[in-house]
Amino acid sequence: MTTKPELKLGSHLVPGLAAAALFVVMAAAILSSSMPEPQGFAEGANITASIGYAMFNLDLGDVAGESFLVAFLVIAITLDVALDGAVHLARREDGGGRGLVTDGGRALKEQLFGGEE
């Protein structure tokens, strides 16, 4: 005979409850905040060039690019961390392993099959 599933209460539920509480706090903060009306840019403003000028600290752009520059750098750092994490996860744990096979796999074939054709 099967039994009903039972809810196991304990300290292992604390991280989940903390995440739910953080979600509620962030949702309340976002829903209660007031945002100004979006304004847009002037007709013909070159935003890409303004970001490039802001990267080299030049005051030649049509639009103030400092706010774009911060977002650009945050995204660049985030993508770099993600790439480093992917490389770290892709490495083998034993530290060894074979390098690139540049001989067409002949050495591996000989190792596996003992030189038989």
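The sections below set out a description of the structure shown in this document. (Residues numbered from 1 in each chain as written. Predicted model: local features only at pLDDT ≥ 70, side-chain atom pairs only at ≥ 80, totals over all residues. Heavy atoms only, no water.)

Points about a nonpolar patch on the surface
- A cluster of nonpolar side chains, namely Tyr-53, Met-55, Phe-56, Leu-58, Leu-60, Phe-72 and Leu-73, defines an oily patch on the protein surface of about 710 Å² accessible area.
- Of all the elements in the fold, those that place two or more residues in the nonpolar patch are helix H2 (47–55) and helix H3 (66–90).
- In this structure, Met-55 sits in helix H2.
- On the accessibility criterion, Met-55 (42% relative accessible area) is partly exposed. (Patch = residues over 30% accessible without salt bridge, like charges linked within 9 Å, V, L, I, M, F, W, Y side chains within 5 Å. Areas by Shrake-Rupley, 256 points an atom, 1.4 Å probe, with all protein chains shown as cover. Salt bridge = Lys/Arg side-chain N within 4 Å of Asp/Glu carboxyl O. Helix = DSSP H or I, 4+ residues; strand = E, 2+ residues; numbered from the N terminus. Buried < 20%, exposed > 50% of the residue type's maximum accessible area, 1.4 Å probe, protein only.)

Considering helix H1 (residues 14–32)
- Across its 19 residues, H1 extends 27 Å between first and last C-alpha, which sits within 8% of the 27 Å expected from 1.5 Å per residue.
- Here H1 lies mainly on the outside; zero of its 19 residues are buried. (Expected span 1.5 Å × (residues − 1).)

Focus: the packing of aromatic side chains
- Applying the stated criterion across every chain, the model contains one aromatic pair.
- Plain terms: the ring middles of Phe-41 and Phe-68 are 5.8 Å apart, the flat faces sit at 40° to each other, and that makes the pair tilted. Of this pair, Phe-41 sits in the loop between H1 and H2 while Phe-68 sits in helix H3; the two residues are 27 residues apart in sequence, bridging distant segments of the chain.
- Of the residues examined, Phe-41 reaches a relative accessible area of 47% and is grouped as partly exposed. (Phe/Tyr/Trp six-rings, centres within 6.5 Å; stacked < 30°, edge-to-face > 60°.)

Some details on the side chain of Ser-50
- Mapped onto the elements, Ser-50 comes out in helix H2.
- Exposure remark for Ser-50: the relative accessible area of 2% places this residue in the buried category.
- When sequence neighbours within four positions are dropped, the list of residues in contact with Ser-50 reads Gly-61, Asp-62, Val-63 and Gly-65. (Contact = heavy atoms within 4.5 Å.)

These figures come from the coordinates and say nothing about function on their own.
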